[in-house]
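# Breakdown of the fold
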Amino acid sequence: MNLHRKGRAALVLALVVVVAMAFRVSWNALRDIAGAIGADATAATLYPFVVDGLMALALIATLVLAGRDRTFALRVLAAYTIASLVLNYVHGLVPELHGQSVELGRVAEWDAANWVLVLLATSLPVGSIYFGSDLVAKVLHHRPAPIATPTVNPEDSPDAAMNESSSDLPVSTPAPITPNVTVLPRPVAVGFLKSTTAIKPVQAIEQPIERRAVAAESTRPRGATGRVPEAARTPRPKRTADELLDEARKATADWPDAKLSAEGIRREVRTSPANARALRDTLRAERGVQVA
């Protein structure tokens, strides 16, 4: 970033040096032209500032302005550049202008060309006043266009995706479960006949009974740690879609639109996530809220 700024500063400094040298080269020609059309010594000295100075002003306005105003500044710069080029060209063609030995008001031998050149040389100061004031006013009233910031949809943000309830997520198809079949060994037949081998009676060995501390059983019922079987569940009548919709309307009558979610409806009505999403979409459509 620092190298970029140094490069821009060097470029601007080089432009200023080139413009200053070009202004000095054009100084003598414009001063002699001004003296030839009747300007005194002071006016002839200031005349180059009128022409080349407006060119510098138009160049700065071109860098600042935009759109139609920039086009206008470019046209002013081009017009005064051509006018300065013509006057410098005439100064080179007429050697008498160098020593101020020409007749006052006579810039060229041909009358028509002399009239055009005198009109051009005398109109440049007036044009500098008009165009210079206009360019300065445009630069002072110029407001740069604001930089448009990208808009982010809050529903597409990562936080919204993390906060989305499980009922609002799309239903995924569970993967098929492959049963793991374990081959058990075949049972061996055992005879129930009495053994013919004589068995000696074995005396009972009395072992002392160890008394150990046993934790007292709690009378509080244990919570369910797994899925309750279907046979153990309390039978509940199956509700139709209209009944579910009526219950959802009553439960969410005083809810705001922002609170109307599938998870909240599922908890209030006690239904499945799929039914909760369908009820949410129906209620939002009835309220005129756009379904996401």
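Residues numbered from 1 in each chain as written. Predicted model: local features only at pLDDT ≥ 70, side-chain atom pairs only at ≥ 80, totals over all residues. Heavy atoms only, no water.

### What to know about the nonpolar core
Core analysis: the biggest nonpolar cluster contains 23 residues, and Tyr-47, Val-51, Val-76, Tyr-80, Leu-87, Leu-124 and Leu-135 have the highest contact counts within it. In this structure, Leu-124 is in contact with Tyr-47, Val-50, Val-51, Tyr-80, Ala-83 and Leu-87, ignoring residues within four places of it in sequence. Counting residues in each nonpolar core, the second largest holds 9 residues, with Leu-244, Leu-245, Ile-265 and Val-269 among its members. (Core = buried A, V, L, I, M, F, W, Y, C linked by side-chain atoms within 4.5 Å. Buried < 20%, exposed > 50% of the residue type's maximum accessible area, 1.4 Å probe, protein only. Contact = heavy atoms within 4.5 Å.)

### Focus on helix 7 (residues 262-269)
Side chains that are three or four residues apart share a direction in an α-helix, a result of its 3.6 residues per turn. Those residues of helix 7 that fall on the buried side of the exposure criterion are Ala-262, Glu-263, Ile-265 and Val-269. Burial along helix 7 is one-sided: seen end-on, the buried residues are contained in an arc of 165 degrees. Those residues of helix 7 that are buried lie in contact with helix 6 (241-251) and helix 8 (273-287). Just downstream of helix 7, Arg-270 is the residue with a positive phi angle, here 60 degrees. (Helix = DSSP H or I, 4+ residues; strand = E, 2+ residues; numbered from the N terminus. Arc of directions from axis to C-beta.)

### Section: the environment of Phe-49
Tracing the sequence through the fold places Phe-49 in helix 2 (residues 41-64). According to the relative accessible area criterion, Phe-49 is partly exposed, its value standing at 45%. For the pair Phe-49 and Arg-31, spaced 18 residues apart in sequence, the C-alpha separation works out to 9.8 Å. When neighbours within four sequence positions are excluded, Phe-49 is seen to be in contact with Phe-23, Trp-27 and Leu-54.

### A short note on the packing of helix 7 against helix 8
Close contact between helix 7 and helix 8 brings their axes to 8 Å; oriented N to C, the two are set at 115 degrees. What the angle tells us is that helix 7 and helix 8 run roughly perpendicular. The element helix 7 and its partner helix 8 pack so that their crossing is right-handed. In this structure, helix 7 contributes Ala-262, Ile-265 and Arg-266 to the contact, and helix 8 contributes Pro-273, Ala-276, Arg-277, Leu-279, Arg-280 and Leu-283. Grouping the amino acids of the contact of helix 7 with helix 8 by side-chain chemistry returns 6 nonpolar, no polar and 3 charged. (Axes fitted to C-alpha atoms, helices over the stretch in contact; angles between N-to-C directions. Parallel < 35°, antiparallel > 145°, perpendicular 65-115°, else oblique. Left-handed = near helix turned anticlockwise from the far one by under 90°. Nonpolar A, V, L, I, M, F, W, Y, C, P; charged D, E, K, R; others polar.)

### A few points about the environment of Arg-270
Its location among the elements puts Arg-270 in the loop between helix 7 and helix 8. On a C-alpha basis, the gap between Arg-270 and Leu-244 in space is 9.5 Å, while along the polypeptide they are 26 residues apart.

### A closer look at a nonpolar patch on the surface
Residues Leu-13, Val-17, Val-18 and Met-21 make up a contiguous nonpolar surface patch of roughly 380 Å² in combined accessible area. Along the polypeptide, Met-21 turns up in helix 1 (residues 2-36). (Patch = residues over 30% accessible without salt bridge, like charges linked within 9 Å, V, L, I, M, F, W, Y side chains within 5 Å. Areas by Shrake-Rupley, 256 points an atom, 1.4 Å probe, with all protein chains shown as cover. Salt bridge = Lys/Arg side-chain N within 4 Å of Asp/Glu carboxyl O.)

### Examining the packing of aromatic side chains
Summed over the entire model, instances satisfying the criterion amount to 2 aromatic pairs. Arranged with centres 6.2 Å apart and planes meeting at 50 degrees, the rings of Phe-72 and Phe-131 form a pair that is tilted. Separated by 59 residues along the polypeptide, Phe-72 in helix 3 (residues 68-93) and Phe-131 in helix 4 (residues 111-140) bring together distant segments of the chain. Note on Phe-72: relative accessible area 23%, which makes it partly exposed. Between Tyr-130 and Phe-131, the aromatic rings sit 5.1 Å apart at their centres with planes inclined by 75 degrees, giving edge-to-face as the arrangement. Tyr-130 gets classed as exposed once you look at its relative accessible area, which sits at 55%. Judged by relative accessible area, Phe-131 falls into the partly exposed class, the value being 27%. (Phe/Tyr/Trp six-rings, centres within 6.5 Å; stacked < 30°, edge-to-face > 60°.)

### Describing the side chain of Glu-263
Mapped onto the elements of the fold, Glu-263 is located in helix 7. Of note is the side chain of Glu-263, whose polar atom sits 2.8 Å from the side chain of Arg-266. (Polar contact = N/O pair within 3.5 Å; in protein donor to acceptor, adjacent residues only side chain to side chain.)

### Quick look at helix 2
For helix 2, built from 24 residues, the straight-helix expectation of 34 Å at 1.5 Å per residue is met to within 8% by its first-to-last C-alpha distance of 35 Å. In the structure, helix 2 departs most strongly from a straight axis at Asp-52, where the bend amounts to approximately 30 degrees. Among all positions in helix 2, only Ala-44, Tyr-47, Pro-48, Val-51, Asp-52, Leu-54, Met-55, Ala-58, Ala-61 and Thr-62 are buried. (Expected span 1.5 Å × (residues − 1). Bend = angle between axes of the 7 residues up to and from the residue.)

### So, the pattern of salt bridges
Under the definition given, this model contains 7 salt bridges. The partner of Asp-69 in a salt bridge is Lys-138, and the shortest N-O contact between them spans 3.4 Å. You can see Asp-69 sitting in helix 3 and its partner Lys-138 sitting in helix 4, a full 69 residues away along the chain. A salt bridge links Arg-267 to Glu-263, with the nearest nitrogen and oxygen atoms 3.2 Å apart. Linking Arg-267 with Glu-263, this pair stays in helix 7, spanning 4 residues, or about one helical turn. Of the residues examined, Arg-267 reaches a relative accessible area of 58% and is grouped as exposed. On the basis of relative accessible area, Glu-263 is assigned to the buried category, the value being 11%. Taken together, the salt bridges that share partners define one network made up of Asp-69, Asp-134 and Lys-138.

### Some points on the confidence of the model for the chain
Here the chain shows a mean pLDDT of 75. Residues at 70 or above account for 61%. Within the chain, helix 5 (residues 158-163) has the poorest average pLDDT of any element, 56, and helix 3 the best, 89. (pLDDT = per-residue confidence, 0-100.)

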